[in-house]
Amino acid sequence: MMRKVFLCEYIHPEAYAYLKAHAEVIHDWDRLSEAEALIDRNLKITDEIMETAKSLRLIGIHGTGVDDVDMAAAGRRGIQVFSVPHQNSRSVAEMNVALMLALGRKIVRADRILRGQAGQSAVESTGSPESEMTDRMAELQGMELAGKTLGLIGVGDISRQTADICRKGFDMEVIGWSRSLTEEKARRMDMAYADSMAEVFQKADVIIVGVALTPETRHLIGREQFAQMNPKAMLINTTRGAVLDEQALYESLAKGEIGGAACDVFAEEPISAGHPLLALDNFVAAPHLGANTEEALRRVGMAVVQGVLNRLDGNL
């Protein structure tokens, strides 16, 4: 008899075909109680969902973090939860660099101006086109990444790959901090060692947030850290939104206390259209696109499907 696997959301076609060849794939929530395993990407898997899924003994996470799963409830019910780390690291690292460039060169702001979505329209303008263009070019003056210092809060695979791109592509210096980082590990990673998070915020021109969301890291970065930053420094977050205190970030950006920030993740997703950060010109937003590439989706999809099937067969 074929295994029954509940698939919450889209996965790569190759991964879906492999899963369908080896298991019965269930999409209908009315049949959730039949599923032995569940593959999840972005949905919150609550105790109530697990209560309904009477036959469930395995949850595979299409990605790295397990913070969308009620782990205490899973433990009580004897449900195994696993993720597939490192499969999307390169795509998220490249997203970090894309956000750095977009923010540092004010590309989003420039695009809005050219599309007529910001500033005065030509009809409303009272000044000459030349003077308006001069004003806009001054407003859009950017920052080179070459020779700047990249700061890492967390030195996991994504952070290390980001650092590698920045060292080789922009000749950036790298300084890193994590609770587990030592001077010897930092040397092996070809980065300067920071003995505190504050040191990274004080020294870096661009800061990458790369820590998992846990009770200890929720709002890890807030007013105190933003106050330590260089006024021209930029902050990039592609890990989990709740690692940042978003209200404190908004206030620091609105006051011009830091140069800019870009986030691909938010505490509540999807982010609401009225979120105050979206009104700021020195903020760039993306809707959790870091791992949304053809290559990463294939790797992650195949890894989670194979992990589910192997575990159901008792091979892991």
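It should be emphasised that the depicted structure is a prediction, and the values quoted were computed from it without experimental measurement.

Caption draft 1: Structural context of the environment of Ala279. Structurally, the position occupied by Ala279 is in the loop between β11 (260-263) and β12 (283-285). By relative accessible area, which is 65% here, Ala279 ends up exposed. Measuring from C-alpha to C-alpha, the distance between Ala279 and Asp28 comes to 39 Å, with 251 residues separating the pair along the chain.

Caption draft 2: Summary view of the side chain of Asp68. In this fold, Asp68 is placed in the loop between β4 (58-61) and α3 (71-76). Among the residues examined, Asp68 registers a relative accessible area of 19% and is labelled buried. Not counting residues within four places of it along the chain, the set of residues in contact with Asp68 comprises Asp40, Arg41, Asn42, Leu43, Lys44 and Ile45.

Caption draft 3: Representation of the packing of aromatic side chains in the model. Scanning all chains against the criterion turns up two aromatic pairs. Seen from their ring centres, Phe266 and Phe283 are 6.2 Å apart, and the 65 degrees between their planes marks the pair as edge-to-face. Separated by 17 residues along the polypeptide, Phe266 in the loop between β11 and β12 and Phe283 in strand β12 bring together distant segments of the chain. The exposure classification of Phe266 matches that of Phe283, with both residues buried. Above the ring of Phe82, the side-chain terminus of Arg311 is found at 3.8 Å from the ring centroid.

Caption draft 4: Fine view of the pairing of β11. Side-chain alternation along β11 places Gly260 and Ala262 on one buried face and Ala261 and Cys263 on a second face that is also buried. One ladder, built from four bridges, connects strand β10 (residues 234-237) with β11; its direction is parallel. When the bridges of β11 are listed, Ile236 appears paired with Ala262. Crossover β10 to β11 through helix α11 (residues 246-254) is right-handed. Of the strand pairs in this sheet, β11 and β12 are connected by three bridges, and their pairing is parallel. Bridging from a neighbouring strand, Ala261 pairs with Phe283 of β12.

What counts as what
Residues numbered from 1 in each chain as written. Predicted model: local features only at pLDDT ≥ 70, side-chain atom pairs only at ≥ 80, totals over all residues. Heavy atoms only, no water. Helix = DSSP H or I, 4+ residues; strand = E, 2+ residues; numbered from the N terminus. Buried < 20%, exposed > 50% of the residue type's maximum accessible area, 1.4 Å probe, protein only. Contact = heavy atoms within 4.5 Å. Phe/Tyr/Trp six-rings, centres within 6.5 Å; stacked < 30°, edge-to-face > 60°. Lys NZ or Arg CZ within 6 Å of the ring centre and 35° of its normal. Pairing = 2+ DSSP bridges. Right-handed = clockwise from strand over helix to strand, strands pointing away.

Any functional reading would require information beyond the geometric quantities listed.
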